Amino acid sequence: MLKVLLVDDEPFILQGLEVLVDWKKEGFEIAGTAHDGREALRFLKNNSVDLILADINIPVVSGLELLKKIREEDISNAFFVILSGYADFSYAQKAIKYKCTDYILKPIEKEQLLETLKKVAGLKADKEEKTKESRKLERAYLARNLIAVIGGKYDNVNLMCVKEQMCFSEVIRYVEIELDEKKLDEDISDEDKRAYQRKLLEVCIEFLDENADHCVFDVSGKERVYDIGFVYCDYMAKENMRTEKGYLGYFMSHLKREAKIPVIMLVGKKIDDIKNIAKSYSTVCILRSCKGFRSSKDIYYYDEEIQVSNDGAILCKNEIDTLLSAIEQNQQMQIHRAVDCFFEAMQQAWGGVTEDFKNLNINYLIFQLIHLATQQDDNVNQEEVIRLISEHSFHEGLIRGSRAHVLEFVYEYAEYLAQLRKNVSRGVLGDIEREVKKNYACNLTLKELSEKYYVNSAYLGQLFRKKYGCSFKDYLNQVRLDEAASLLIHTDKKILQIAEEVGYHNLDYFVNRFISAKGCTPAKYRRQSRP
C-alpha cells in the first residue's frame, strides 16, 4: 500500500477526501492528516509517506511553502499534489518548479482524484523499477571490483571502490560457499547446477541483508566449482551476539533450511585488511584441493585443516620422493611398499602420527602430484582432478588420510597419469561417442563408461568438456534431443512415444529440455518443419 498524508485546514474537506474514493482498492492507505504546514512537517520528520495531498492555502506554512521546504531540505521524496481553488497559472508554475506531481482545482471530483492516484501509482512503480535496476548495476560494478581484490589482481581504483562502498573490520576472512557435489546426483546437468548456484546466491543475500554486498557470485570461475564468495568480518558475529564459529554455523543452517541444496563452507585464513584478502582466498583454494583427505563436514577451517603447529614438524621428503617415483611409473607393488615406508617414517618421527604432522606431509604429496600431472599435460585442470579422485576414492570403511585411503588414492592417480601419457582422447573418446549414439536411450553414466573403457571418470569428463564445451550429461541430452527432432520431422509418432524412445520417461521434463535446446515445443517444431 502507498501511504498518503492529507493536509487541509478545513476538517470537512479532510473527511470528504477520506471517503471520496476507495483508497484501499486503489492501492493506497491514509497514513495521517494535518491541518497546517507546520503540523505536516512534524509528521513527515517522523513518518515516511509516498504521496502528499495538500491545500495551497493552509495556515502557518502554505502549501507551496511546504512543498518548497520539503524539496530544499530533502525532508521527503514523496509525490506532492496541490489542491487549490485558484486557477492562476503563476501558482501552477511555482508548484512545477519544486517538482509538484499534479495540480487539482477545487471542488475535487472523484474521477479526477482517481486519475491522479493512478498516475502516482504508475510513477511510483517506474521509480522503484529504476531504483532496482540502478542498484543492480551498482552491485555488479562493486562485485567486479571486489572479485579483482579477492583474486589479487587489482589497482587503487578497484580497492577504493570496495573500501568506499563496503564496511570492514580488523578481522576478515574469505569464505567460499559451494555446492557439495558429492551429495548431488552424479548425472545432474551443468544447467541445473548453475540454477542451484543462483538459488544459493539469493538465500545468501537474504541472510546477509544489509551486508549483502559481501557475497559475490562465481568468484573462482572454475568449470566445476559452483561457488558464492563471502567476505566475512567479525562485526557480523558480534552484531548477532555470536562467536565466529557460531555465526558461520548459523549461516550454514539457514542455507540448508532455505536453499534445500547440499553445500559446504571453506573458511580461509584470517587477515586484517581487505587489501590482503587474496591471501585468505589462496588458503581457500588449498582447502578446496585438499578437503578430500579430510573427514566429511559442513564447514572446513583452514586454520584447523591445513595449518600445522610450529613445533618442528618433520617432512618425510625422501619417502615422498620414492612414492612419487613409483606413482609416475605406475608400479602397484612399488607404490604399496612406498606408502608403507611413508607411514612408517611418520610413525618413527613422532612415535605416532599426529593430525598436524600427517596433514603437513600429505599436503606436500598433493602439491607434488599436481606438478607431476602438469608435466604430463598442461591443458588439464589438475587441481580439479585431484579433488574428484580424492572424493571418489573415499569408500565406506576408509578413513580419510589413513594408509588405506592414501594407497587407494595414489593407485588411481598413477593410472590417471598413465592415461595422460597415452593420450586417451584419440581412441577411447571416439569409441565412447559411438556408443552414446548407439545406446543414447539407455541410462548411460560417465562412471559406467569410464569403467567399461578403463578411463578415469574425472579425466573422461574433462575430455568431453574440452571437445564439446559441456558436461557428459549435457552431451548425452543433446544427442537425445537431436534424435527426437529427427523423429518429429520424419515420423508421425506421438510425442510421448518419441520421448520414451530417446530415453525420457517424463514427458514434462522432455518438453522443457526440448524447448531449452530448440527454442519451441516439440509440437510447434514438427509443424514448422513440415510443408
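Details of the structure are given in the entry above.
Procedures and definitions
Residues numbered from 1 in each chain as written. Predicted model: local features only at pLDDT ≥ 70, side-chain atom pairs only at ≥ 80, totals over all residues. Heavy atoms only, no water. Axes fitted to C-alpha atoms, helices over the stretch in contact; angles between N-to-C directions. Helix = DSSP H or I, 4+ residues; strand = E, 2+ residues; numbered from the N terminus. Parallel < 35°, antiparallel > 145°, perpendicular 65-115°, else oblique. Left-handed = near helix turned anticlockwise from the far one by under 90°. Contact = heavy atoms within 4.5 Å. Nonpolar A, V, L, I, M, F, W, Y, C, P; charged D, E, K, R; others polar. Phe/Tyr/Trp six-rings, centres within 6.5 Å; stacked < 30°, edge-to-face > 60°. Buried < 20%, exposed > 50% of the residue type's maximum accessible area, 1.4 Å probe, protein only. Lys NZ or Arg CZ within 6 Å of the ring centre and 35° of its normal. Arc of directions from axis to C-beta. Polar contact = N/O pair within 3.5 Å; in protein donor to acceptor, adjacent residues only side chain to side chain. Expected span 1.5 Å × (residues − 1).

Visitor: Before we go on, may I ask you to explain the packing of helix α2 (residues 37-46) against helix α3 (residues 63-72) in this structure?
Guide: The packing of two helices is summarised by the inter-axis angle and the distance between the axes. Relative to each other, α2 and α3 sit at 30°, their axes nearing to 10 Å. The angle between α2 and α3 falls in the class roughly parallel. α2 and α3 meet at a crossing whose hand is right-handed. Note on element contacts: α3 touches α2 through Leu-66, Lys-69 and Ile-70, opposite Gly-37, Ala-40, Leu-41 and Leu-44. Across the contact of α2 with α3, the residue classes tally to five nonpolar, one polar and one charged.

Visitor: Explanation requested: the packing of aromatic side chains in the structure shown.
Guide: The relative placement of two aromatic rings is captured by the distance of their centres and the angle of their planes. Using the criterion set out here, one finds 15 aromatic pairs in the structure. Between the aromatic rings of Phe-230 and Phe-251, the centroid separation amounts to 5.4 Å while the plane-to-plane angle is 85°, which identifies the pairing as edge-to-face. Separated by 21 residues along the polypeptide, Phe-230 in strand β8 (residues 227-233) and Phe-251 in helix α9 (residues 244-259) bring together distant segments of the chain. Of the residues examined, Phe-230 reaches a relative accessible area of 1% and is grouped as buried. With a relative accessible area of 0%, Phe-251 lands in the buried category. Ring geometry for Tyr-232 and Tyr-247: centres 5.9 Å apart, planes at 40°, overall tilted. Of this pair, Tyr-232 sits in strand β8 while Tyr-247 sits in helix α9; the two residues are 15 residues apart in sequence, bridging distant segments of the chain. Just as Tyr-232 is buried, Tyr-247 falls in that class too. In this structure, Arg-242 packs its charged tip against the face of Tyr-250, placed 3.9 Å from the ring centre. A cation over an aromatic ring shows up here: Arg-480 above the ring of Tyr-504, its NZ or CZ 5.6 Å from the ring centre.

Visitor: Which parts of the structure should I look at to understand α3?
Guide: Because each turn of an α-helix spans 3.6 residues, side chains separated by three or four positions end up pointing in the same direction. Among the residues making up α3, those that are buried are Gly-63, Leu-64, Leu-66, Leu-67 and Ile-70. Around the axis of α3, the buried residues are gathered within 160° of arc, so they sit on the same side.

Visitor: Help me understand the environment of Asp-36, please; the structure alone is not making it clear to me.
Guide: Along the chain, Asp-36 turns up in the loop between β2 (28-34) and α2. Exposure remark for Asp-36: the relative accessible area of 17% places this residue in the buried category. Looking at Asp-36, its side chain comes within polar contact range of the main-chain nitrogen of Glu-39, at 2.7 Å.

Visitor: What should I look at first to understand helix α20 (residues 472-490) in this one?
Guide: With 19 residues, α20 ought to run about 27 Å at 1.5 Å a step, and its terminal C-alpha atoms sit 27 Å apart, in line with that. Inspection of α20 places Phe-472, Asp-474, Tyr-475, Leu-476, Asn-477, Val-479, Arg-480, Leu-481, Ala-484, Ala-485, Leu-487 and Leu-488 among the buried residues, and these make up the whole buried set.

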